[in-house]
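Examining the three-dimensional arrangement
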Amino acid sequence: MTTIEPFIRWAGGKSWFVPHLNDLLSSIEFNHFHEPFLGGAAAFLALEHKRKSYLSDINDDLINTYVNIRDNPHLVLNILSTYENTETNYYRIRDLKLVDPIERAARFVFLNQTSYNGIYRVNKNGGYNVPYGYRKNWHYDDQRILQVSKKLKKSNIKCGDFECNKYIIKRHDLVFLDPPYTVSHNNNGFIEYNKNLFSLNDQERLCHFIEYIKHKEAYYILTNAAHPKIKEIFGKDDNPIVYSRNSLIGGKNSKREKIDEYIFTNIRRT
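Nothing here was measured: the structure is a model prediction, and the numbers come from that model.

1. So, the sheet that holds strand 7 (residues 258-265)
Taken in spatial order, the seven strands make up an open sheet running 3-2-1-4-5-7-6, and their pairing is mixed. Edge positions in the sheet fall to strand 3 (155-159) and strand 6 (241-246), since each has one partner strand and no second. With direction set aside, neighbouring strand axes in the sheet form an average angle of 20°. The sheet contact formed by strand 1 (residues 33-35) and strand 2 (residues 53-57) spans three bridges and is parallel. Bridging from a neighbouring strand, phenylalanine 33 pairs with serine 53 of strand 2. The sheet contacts of helix 3 (residues 60-71) involve strand 2 and strand 3, and relative to strand 3 the element is tilted by about 155°.

This is how it looks when you write it as structure tokens:
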């Protein structure tokens, strides 16, 4: 696989999983690719295939950015080049109320790259409220955006719930599912900032969505927290593969520990 690195930082991103994708996919050939929790798009950017991809996410700011990176990369880069990475400028740009979709995309990339840990978080009014990240040596690699833009050319990109492209899924398509984690890794706690974003009821609904994918004789790969409740919901037919990785999110003084993740799939390994 020819891997292109994501152009944004994304909490819960799957760059760590990319080396394992090749092993899982070595025994199959798939048609169209679907990624309904797009996030940083690490899986999509790692795959090399010629058919159309269907990419979606419920985050409108994120999807607007992908659409404009696909359609207007040079215009996004022109605006991005005018943004100076200082604390004062960060908060000025964060407070901008923009309507133009290209300007919104440039703002999104800048805030993502210069904010604290690249976290996406909004207040009750929908305003982005992540503080400045003090990444003093930050410099954006224009070529990465141009590479991603080229990769996106044959993609249908849509804002919506993970089922928004449900009826487009056909036999031997591949659906990569990386939902927000409702429960925390390796314990019984709920992730407070995700319980409204993606609840246990949503996990149950995702399980039914996977049943539909299998009914269509398509392939799926699901990543999720290694947690007994998750295994109870998704492990009825397909036992999880357990992967251990380093924790990727945290401040400079936070403890980076090993955590386990579940991978569920109907792709049979050789």
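Now that the structure has been shown, the text picks up again.
2. Let's talk about the layout of surface pockets
Size it by volume and the second largest pocket reaches roughly 360 Å³. Of all the secondary-structure elements, those providing two or more residues to the lining of the second largest pocket are helix 3 and helix 6 (101-114). Split by residue class, the lining of the second largest pocket holds eight nonpolar, six polar and six charged.

3. Observations concerning the nonpolar core
Core analysis: the largest hydrophobic core is formed by 52 residues, its most contacted members being Phe7, Phe17, Leu25, Phe33, Tyr66, Leu174 and Ile221. Per element, the largest residue contribution to this core is seven residues, and it comes from helix 6. Excluding residues within four positions of it along the chain, leucine 25 makes contact with Phe30, Leu47, Leu174, Ile221 and Ile267. Counting residues in hydrophobic clusters, the runner-up holds 20 residues, among them Phe209, Ile213, Leu222 and Ile230.

4. Some points on unusual backbone geometry
The backbone of asparagine 117 shows a phi angle near 60°, a positive value even though the residue is not glycine. The residue asparagine 117 is located in the loop between helix 6 and helix 7 (142-152) in this model. Within the chain, tyrosine 134 stands out as a residue other than glycine whose phi angle is a positive 55°. In this structure, tyrosine 134 sits in the loop between helix 6 and helix 7. Residue tyrosine 134 is classed as partly exposed on the basis of its relative accessible area of 47%.

The rules behind these values
Residues numbered from 1 in each chain as written. Predicted model: local features only at pLDDT ≥ 70, side-chain atom pairs only at ≥ 80, totals over all residues. Heavy atoms only, no water. Pairing = 2+ DSSP bridges. Helix = DSSP H or I, 4+ residues; strand = E, 2+ residues; numbered from the N terminus. Axes fitted to C-alpha atoms, helices over the stretch in contact; angles between N-to-C directions. Contact = heavy atoms within 4.5 Å. 1 Å grid on protein atoms, 1.4 Å probe; cavity = no way out; pocket = protein on both sides within 12 Å on 5 of 7 lines; lining within 4 Å. Points joined across faces, edges and corners; volume = space filled by probe spheres on them. Nonpolar A, V, L, I, M, F, W, Y, C, P; charged D, E, K, R; others polar. Core = buried A, V, L, I, M, F, W, Y, C linked by side-chain atoms within 4.5 Å. Buried < 20%, exposed > 50% of the residue type's maximum accessible area, 1.4 Å probe, protein only.

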